[in-house]
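Descriptive analysis of the structure
Each chain is listed here by its residues.
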Amino acid sequence: ESSAQTEAPEETTTQAPPVSSSGHIWPISSRNVTSYFGSRTDPITGKQNAHHSGIDIAAPNGTPIMASASGTVMTVGYTSINGNYVMIYHGDGVATAYCHCSTILVSEGEQVSQGQTIAKVGLTGKTNGYHLHYGVRVNGTYVNPLNYIQ
C-alpha cells in the first residue's frame, strides 16, 4: 500500500472577471493599457506634463464596456474631449467614467449591475485610436484607476 496522499483534482470552472480588493472589475476584456494615469506628453497636442485623469485601454471598435461595479448612472453626455461618455456613482464618494464610446446603452438615473454592458468602444472626442478612457473619481478628484481594478 502506498502511504502517499492523493491530491484533490483541480476544479475546472469558467472564471468570472477578477474582482479587485476594492470590489471593481476591469471594465473591458482588453488589458492593453496604452496610457497611464498621471503626467504624460499629450499624444495629440504634444504638450509636456499634461495630466491624464485615467487610463486608456485599447480595444477594437464596438468592444463591450462593462460597469466596473454596481451603481447609478449619474451622467450620460458628450464633450469635445471625452466624446460620448457615461459616469456611474457607486457610493462612498466613488464614481467611474467611461469615455470615447461609440454607443451608450444606459440612461441617467438607471441602476446598473457590475459587469453589465453599458456602452461600446468608439472613437468620439479627442482621441487618436479606438480605446476606452476609464477614470475613477473619489469625492470629486480623479485617482489612479489601477488602484481600483488590480
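Structure shown above.
Described in the following lines is the structure provided in the data block.

Scoring rules and cut-offs
- Residues numbered from 1 in each chain as written.
- Predicted model: local features only at pLDDT ≥ 70, side-chain atom pairs only at ≥ 80, totals over all residues.
- Heavy atoms only, no water.
- Core = buried A, V, L, I, M, F, W, Y, C linked by side-chain atoms within 4.5 Å.
- Buried < 20%, exposed > 50% of the residue type's maximum accessible area, 1.4 Å probe, protein only.
- Helix = DSSP H or I, 4+ residues; strand = E, 2+ residues; numbered from the N terminus.
- Pairing = 2+ DSSP bridges.

This part is about the nonpolar core. Ile55, Ile65, Ile88, Tyr98, Ile118 and Leu132 are the most contacted members of the largest nonpolar core, which has 25 residues in total. Among the secondary structure elements, those contributing two or more residues to this core are β4 (55–58), β7 (83–91), β8 (94–104), β10 (117–121), β11 (131–138) and α1 (146–149).

What follows concerns the pairing of strand β6 (residues 71–79). Inspection of the sheet shows β6 paired to strand β9 (residues 111–112) by 2 bridges, in the antiparallel sense. The residue bridging Thr72 from the neighbouring strand is Gln111, located in β9. In terms of strand pairing, β6 meets β7 through 7 bridges, oriented antiparallel. Opposite Val73, over in β7, you have Ile88 as the bridge partner. The antiparallel hairpin formed by β6 and β7 contains 3 residues in its connecting segment.

Glancing now at unusual backbone geometry. Leaving glycine out, the prevailing phi sign among residues is negative, and the prevailing peptide bond configuration is trans. Of note in this structure, Asp92 is not a glycine but carries a positive phi near 55°. Following the sequence through the fold, Asp92 ends up in the loop between β7 and β8. Of note, the phi angle at His100 is positive, near 75°, even though the residue is not glycine. As for its placement among the helices and strands, His100 is situated in strand β8. On the basis of relative accessibility, which here comes to 5%, the residue His100 falls in the buried class.

Another point: the pairing of β8. Of all 11 residues making up β8, 8 are buried, and the element is well covered by its neighbours. Here β7 runs beside β8; their pairing, made up of 6 bridges, is antiparallel. Within the sheet, the bridge partner assigned to Met87 lies in β8 and is Ala97. As consecutive antiparallel partners, β7 and β8 are separated by 2 residues, and within that stretch Asp92 has a phi angle of approximately 55°, a positive value. When β8 meets β11, the two strands line up antiparallel, connected through 6 bridges. Along β11, the bridge assignment pairs Ala95 with Arg137. In this sheet, β10 lies alongside β8 in antiparallel orientation, the contact comprising 3 bridges. In the strand pairing of β10, Thr103 is matched with Lys120.

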